[in-house]
Amino acid sequence: MTTSITTRTLALLAAIFALALVLRFAWLANTGTELLPMSDPQYYHATATNLADGRGYSVAVDPGGGGFVEGPQSEGTAFWAPGYPFALAPLYVVDDDPRVAKAFNALTGALTVLPVFYLAWRLALAADPARRDRAETTGLLAAGIFAIGPSLVYWTASLFSEPLFTLGIATTLALAVWAGDRRSITAYFAVGLALIATAFVRSQGALMIVPVAVLLVRDVDARSLARVALPVGAAIALVTIPWMIRNEAVMGRPYVINSNLGYNLRLAHAPYSTGTSIPPQDLWDEQPGISFKERELLFDDLGRERALEYARENPGREVELAFRRVGYLLRSDA
């Protein structure tokens, strides 16, 4: 499909991007957030600092109760997906102030209006190719809603990976739409890189393989499937295989992305589970005094074992917790 965007629409899109950026920096200027001990943001900050300082993807836990810390006492880790710390590390080489990460969040959040516009524009254009003006209006409306969405602005101030992850999701889907039209090996390879890069920010991003596959194989006959699948698979392998080798060498296990599956399973399947994130204290209480690297491995083994045992023995409660978890998902983030 031959497509083009008017100069007026591009100018309006640039204005929406500027608005998104201003809103996010204005929120940062009037908001203070802390790196709470043992939190995701503190882990991301410590691992990014270690990367910037040449200590690799590593972290330590302060025995004095300060939580995750960087420094020469750090050991290799794979607990959370490494994409966000790796993205922050080049910036931290210049300055490892958390405000740098927040500014990065503001930029990635504002940039997301671009793939959001593209997706809405292309879907509207596909639905009615004769109404090009309406398609551009639809794209601008979608980008504008994203730019001013309150929750999307508010999360900018915390060192969470969500802004970068959201950019990755939107970019991957936009590339899949583009590649489905272009139908070239290079385009398919780009989609694979975007998909796996997003999964390395948050491993749930790997689930995008389903909508990406739908977008890529539309109007593709069975004989051409390999032409789509091979470059996508090659791009994914290009990123995952070196990381699995690294994890085997550093952690003793070839984790594809990260190692916290057992931890997450246990917090969701335990007598104390409520449907939301409750730290699995029983795992933390096991083997006091071990390093965080050793605890990561314990989390993975013992967490899986206890979670699966609880699920088998309490099927009725499993159904209840599933409904509770959906309820928490739909609640306010306030």
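Above: the structure in question.
Here the structure is a predicted model, which means the values were calculated and not measured.

Caption draft 1: Region of the structure containing unusual backbone geometry. The backbone phi angle of Met-38 is positive, close to 65°, even though this residue is not glycine. Structurally, the position occupied by Met-38 is in the loop between helix H1 (7-29) and helix H2 (40-52).

Caption draft 2: Just the packing of helix H8 (residues 162-182) against helix H9 (residues 185-199), in detail. The interhelical angle for the contact between H8 and H9, taken along N-to-C directions, is 165°, at an axis separation of 9 Å. Between H8 and H9, the crossing angle belongs to the class labelled roughly antiparallel. Remark: the crossing between H8 and H9 carries left-handed chirality. Residues Phe-165, Gly-168, Ile-169, Thr-172, Leu-175, Ala-176, Trp-178, Ala-179 and Arg-182 of H8 pack against Ala-187, Tyr-188, Ala-190, Val-191, Ala-194, Leu-195 and Thr-198 of H9. In the contact of H8 with H9, the residues fall into twelve nonpolar, three polar and one charged.

Caption draft 3: Spotlight on the packing of aromatic side chains. Under the counting rule described, the total for this entry stands at 24 aromatic pairs. With 6.0 Å between their ring centres and 85° between their planes, Phe-86 and Trp-243 make a pair best called edge-to-face. In this pair, Phe-86 sits in helix H3 (residues 83-94) while Trp-243 sits in helix H11 (residues 225-251), placing the two residues 157 residues apart along the sequence. Relative accessible area serves as the criterion here: at 41%, Phe-86 is assigned to the partly exposed category. Judged by relative accessible area, which is 9%, Trp-243 ranks as buried. Directly above the ring of Tyr-328 sits Arg-331, whose terminal nitrogen or CZ lies 4.3 Å from the centroid.

Caption draft 4: Structural detail: the environment of Glu-320. Within the secondary structure, Glu-320 is located in helix H15 (residues 315-330). Given the relative accessible area of 33%, Glu-320 is considered partly exposed. In this structure the C-alpha to C-alpha distance between Glu-320 and Gly-275, which are 45 residues apart in sequence, comes to 8.6 Å.

Caption draft 5: Seen up close, the side chain of Asn-258. Inspection of the secondary structure assignment puts Asn-258 in the loop between H11 and helix H12 (261-268). Look at Asn-258 and you get buried, because its relative accessible area is 15%. Here Asn-260 takes part through its side chain, which lies 2.7 Å from a polar atom of the side chain of Asn-258.

Caption draft 6: Seen up close, the sheet that holds strand S2 (residues 67-69). Read across the open sheet, the three strands follow the order S2-S1-S3; overall the sheet is antiparallel. The open sheet has two edge strands, S2 and strand S3 (75-76), and neither has a second partner. Pairing of strand S1 (residues 58-62) with S3, which is carried by two bridges, proceeds in the antiparallel orientation. The partner of Ser-58 across the bridge, within S3, is Gly-76.

Caption draft 7: The pairing of S1, seen in detail. In the sheet, S1 pairs with S2 via three bridges, with the strands oriented antiparallel. Bridge pairing links Val-61 to Phe-68 in S2. Linking S1 back to S2 in an antiparallel pair, the connection comprises four residues, with Gly-65 at a positive phi of about 95°.

Caption draft 8: Quick peek at the pattern of salt bridges. Considering all chains together, one arrives at 13 salt bridges under this definition. In this structure, Glu-162 and Arg-202 form a salt bridge, with 3.5 Å as the shortest nitrogen-oxygen distance. A residue pair is termed long-range when its members are at least 10 positions apart, and Glu-162 in helix H8 and Arg-202 in the loop between H9 and helix H10 (209-216) qualify at 40 residues. Overall, Glu-162 belongs to the partly exposed group, its relative accessible area being 26%. In this structure, the salt-bridge partner of Asp-300 is Arg-304, at a minimum N-O distance of 2.8 Å.

Caption draft 9: Structural view of the packing of helix H14 (residues 292-313) against H15. Interhelical geometry of H14 versus H15 gives an angle of 105° and a closest axis separation of 5 Å. Accordingly, the angle class assigned to the pair H14 and H15 is roughly perpendicular. When H14 is examined against H15, the residues Tyr-310, Ala-311, Arg-312 and Glu-313 are found in contact with a partner set consisting of Pro-315, Arg-317 and Glu-318. Of the residues that constitute the contact of H14 with H15, the class distribution is three nonpolar, no polar and four charged.

Caption draft 10: Broad picture of a nonpolar patch on the surface. On the surface, a nonpolar cluster with roughly 240 Å² of combined accessible area is contributed by Leu-19, Leu-23 and Ile-148. Position of Leu-19 relative to the elements: it lies in helix H1.

Reading the values: the criteria
Counting restarts for each chain, with residues numbered from 1 along the sequence as it is written. A pLDDT threshold of at least 70 governs which residues receive local features in this predicted model, and a stricter bar of 80 or more applies before side-chain atom pairs are shown or counted, although totals over entire chains, interfaces and linings include all residues. With hydrogens and water stripped out, all remaining heavy atoms of the structure feed into the side-chain values. Helix and strand assignments come from DSSP, with helices taken as H or I runs of at least 4 residues and strands as E runs of at least 2, each series counted from the N terminus. Each axis is a line fitted through C-alpha atoms, taken for helices only over the stretch in contact, and angles between the N-to-C directions span 0 to 180 degrees. Here roughly perpendicular refers to angles of 65 to 115 degrees, roughly parallel to angles under 35, roughly antiparallel to angles over 145, and oblique to all remaining angles. By convention, the crossing between two helices is left-handed when the near helix turns anticlockwise from the far helix through less than a right angle, and right-handed when the turn is clockwise. Residue contacts follow a heavy-atom distance rule, with two residues in contact if any of their heavy atoms lie within 4.5 Å. Residues are sorted three ways: Asp, Glu, Lys and Arg are charged, Ala, Val, Leu, Ile, Met, Phe, Trp, Tyr, Cys and Pro are nonpolar, and all the rest, Gly among them, are polar. The aromatic pairing rule takes the rings of Phe, Tyr and Trp, using the six-membered ring of Trp, and pairs them if the centres are within 6.5 Å, calling planes under 30 degrees apart stacked, those over 60 edge-to-face and the rest tilted. Buried means the residue's accessible area, taken with a 1.4 Å probe over protein chains only, is under 20% of the maximum for its type, while exposed means over 50%, and partly exposed covers the values in between. For a Lys NZ or an Arg CZ to count as sitting over a ring, it must be within 6 Å of the ring centre and within 35 degrees of the ring normal. N or O atoms within 3.5 Å of each other form a polar contact, as long as, within protein, one can give a hydrogen and the other can take it, and as long as residues adjacent in sequence are counted only when both atoms are side-chain atoms. Two strands are counted as paired when DSSP detects at least two bridges linking them. We define a salt bridge as a side-chain nitrogen of Lys or Arg found within 4 Å of a carboxyl oxygen belonging to Asp or Glu. Note that patches include only residues with greater than 30% relative accessible area and no salt bridge, and the join distances are 9 Å for like charges and 5 Å for nonpolar side chains (Val, Leu, Ile, Met, Phe, Trp, Tyr). Computed by Shrake-Rupley with a 1.4 Å probe, the accessible areas treat only the displayed protein chains as cover when residues are assessed.

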